[in-house]
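Secondary and tertiary structure notes
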Amino acid sequence: MPHKPYLARCRMASALAGIALLAATSATAQTATPTPSPAAPPQPAILQVPKPVPATPPAAAPKPPATPAKELFGAARTPAPLQARAIGFYARGCLAGASPLAIDGPAWQVMRLSRNRNWGHPKLVAWLERFAADAKRLDGWPGLLVGDISQPRGGPMLTGHASHQIGLDADIWLTPMPDRRLTEAERESLSAVSMLDASDKGRVDTNVWTAGHARLLRRAALSDDVERIFVHPAIKKALCTSATGDRGWLGKVRPYFGHHFHFHVRMTCPADSPTCTPQPPPAGNEDGCGKEVDDWIKIVTKPPEPEPAPAKPAPPPKPLTLDQLPAECRLILESAPSPQEASAVRR
């Protein structure tokens, strides 16, 4: 049997040899180049599809400008077949149930027939017929030449006037009617005569202005149905100078630019027209003479000022549209004429 110390030494030697083998294996593993792992197969590229961008809605088309009311009313050739009513104010309104002033009467003739403006509220038409007869019978006036009254349905006009919209305004020439019937061509071409002195716009021409003109205007102003009469300041001055007795009627006669070829008569609002807006009362003293008319004379005789340096012209004022008139005026335009009215000849 081997000796115990001997066996112990053999076991120790064997253990040391095992330790050395492990150390050598570990060192070799640390210094050896590792074998690379096989590369992964390439992955296909992912296509990035952009998200759709919402389409921008097209810009709204600009709203077309509203048709001027003067074009709508100027195109109407017949009246609205409704109860007669003056609607709105003299310079912003319309007319229902208009009546025509006959183009020829015992003491009047209508001028400028092509304009189709011999229409008015029945109150005005009846007054013109009476006034023409009275002026001829009582004052010796040869007869009236009647200019613009209103369009068949009133409203703004294509040319000429800011007022005359509700059938209560009428222009009466200061030229007396001739003693014969004028032809249609003459009614288009004949010119009214100015009452002004050619050398002084602040005075009437006494060669054409007569006492008969003053009587004619006085008769019109004395009527309770008349609200206003507009004349040139020089005519107003002549009336102020020549008037005697009661001068209260002069307060209705108001000076204004133009109005030296004709005078402008304006009726009061009729009882059948609750939406008619009356004319405000005149400012100033009772007869409108004195300083008021003198101030007007200064205005119309003032020498023209030198032409200013050229500048960008101001844009013209926008015309009235139907939405700016009383709401009833839309109904007036939409009302169809009766078959009889549509076929009638307006003469």
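Since this is a predicted model, take the numbers as computed values, not measurements.

1. Looking at the overall build of the protein
Broken down by element type, the protein carries nine helices and 13 strands. Taking all 347 residues of the protein together, the buried fraction comes to 40%. For the protein, long-range pairs separated by at least 24 residues make up 78% of all intrachain contacts whose partners lie at least 6 apart in sequence. By element, 62% of the accessible surface of the protein is carried by carbon and sulfur atoms, the whole surface being about 20,600 Å².

2. So, the pairing of strand β8 (residues 169–173)
Counting buried residues along β8, five of its five residues qualify, which places the element largely inside the surrounding structure. Burial along β8 is two-sided: the face carrying D169, D171 and W173 and the face carrying A170 and I172 are both buried.

3. Things to note about a nonpolar patch on the surface
Residues Y256, F257 and I299 make up a contiguous nonpolar surface patch of roughly 310 Å² in combined accessible area. With respect to the helices and strands, the residue I299 is situated in helix α7 (residues 291–301).

4. Structural notes on the state of the cysteines
One pass over the full model with this rule turns up three disulfides. With a sulfur-sulfur separation of 2.1 Å, C269 is cross-linked through a disulfide to C276. Between C269 and C276 the disulfide shows an S-S torsion of about -70 degrees. By sign, it is left-handed. On the accessibility criterion, C269 (22% relative accessible area) is partly exposed.

5. Some remarks on the side chain of Q151
Tracing the backbone through its elements, the reader meets Q151 in the loop between β7 (144–146) and β8. Within the local environment of Q151, its side chain forms a polar contact with the backbone oxygen of P156, the two atoms lying 3.0 Å apart. If we ignore the near neighbours within four places in the chain, the residues touching Q151 are F73, G74, L95, N116, R117, W119, P156, M157 and L158.

6. What about the nonpolar core?
Among the nonpolar cores identified, the biggest contains 50 residues, and W127, L144, W209, I229, I235, L239 and F263 are the most heavily contacted of them. Elements supplying a minimum of two residues to this core: β5 (108–110), α3 (122–139), β7, β8, α5 (211–222), β11 (226–231), α6 (233–242) and β13 (262–267). With seven residues, the single largest contributor to this core is α3. Excluding residues within four positions of it along the chain, F263 makes contact with F131, A170, D171, I172, W173, L174, L216, L217, A220, I229, F230 and V231. By size, the runner-up hydrophobic cluster in this structure holds 11 residues, among which are F73, A80, L325 and C329.

7. A look at the layout of surface pockets
In this model, the largest pocket occupies a volume close to 310 Å³. P156, A162, Q165, P319 and L320 are the residues nearest the centre of the largest pocket, which is lined by 15 residues in total. In terms of residue class, the lining of the largest pocket is built from eight nonpolar, four polar and three charged. In this structure, the second largest pocket occupies an estimated 230 Å³ of space. In this structure, the second largest pocket is lined by 15 residues; those nearest its centre are S163, F230, Y256, H264 and R266.

8. Regarding unusual backbone geometry
Of note in the backbone geometry, R112 takes a positive phi value of approximately 55 degrees without being a glycine. With respect to the helices and strands, the residue R112 is situated in the loop between β5 and β6 (119–120). Accessibility expressed as a relative area gives 16% for R112, which makes it buried. Positive phi outside glycine occurs at N116, with the angle close to 55 degrees. Relative to the helices and strands, N116 is located in the loop between β5 and β6. Classification of N116 by relative accessible area gives buried; the value is 8%.

9. Looking at the pattern of salt bridges
One pass over the full model with this rule turns up 19 salt bridges. Between E186 and R180 there is a salt bridge, with its nearest N and O atoms 2.7 Å apart. One salt bridge in this structure joins R247 and D287, with 3.3 Å as the shortest N-O distance. Of this pair, R247 sits in the loop between α6 and β12 (253–255) while D287 is found in the loop between β13 and α7, placing the two residues 40 residues apart along the sequence. By relative accessible area, which is 26% here, R247 ends up partly exposed. Here the salt bridges share partners, and the residues they tie into one network are D104, R181 and R187.

10. A short note on the packing of aromatic side chains
This model, assessed by the stated rule, comprises five aromatic pairs. In this structure, R266 packs its charged tip against the face of Y90, placed 4.3 Å from the ring centre.

Reading the values: rules and limits
Residues numbered from 1 in each chain as written. Predicted model: local features only at pLDDT ≥ 70, side-chain atom pairs only at ≥ 80, totals over all residues. Heavy atoms only, no water. Helix = DSSP H or I, 4+ residues; strand = E, 2+ residues; numbered from the N terminus. Buried < 20%, exposed > 50% of the residue type's maximum accessible area, 1.4 Å probe, protein only. Contact = heavy atoms within 4.5 Å. Areas by Shrake-Rupley, 256 points an atom, 1.4 Å probe, with all protein chains shown as cover. Patch = residues over 30% accessible without salt bridge, like charges linked within 9 Å, V, L, I, M, F, W, Y side chains within 5 Å. Salt bridge = Lys/Arg side-chain N within 4 Å of Asp/Glu carboxyl O. Disulfide = S-S within 2.5 Å. Polar contact = N/O pair within 3.5 Å; in protein donor to acceptor, adjacent residues only side chain to side chain. Core = buried A, V, L, I, M, F, W, Y, C linked by side-chain atoms within 4.5 Å. 1 Å grid on protein atoms, 1.4 Å probe; cavity = no way out; pocket = protein on both sides within 12 Å on 5 of 7 lines; lining within 4 Å. Points joined across faces, edges and corners; volume = space filled by probe spheres on them. Nonpolar A, V, L, I, M, F, W, Y, C, P; charged D, E, K, R; others polar. Phe/Tyr/Trp six-rings, centres within 6.5 Å; stacked < 30°, edge-to-face > 60°. Lys NZ or Arg CZ within 6 Å of the ring centre and 35° of its normal.

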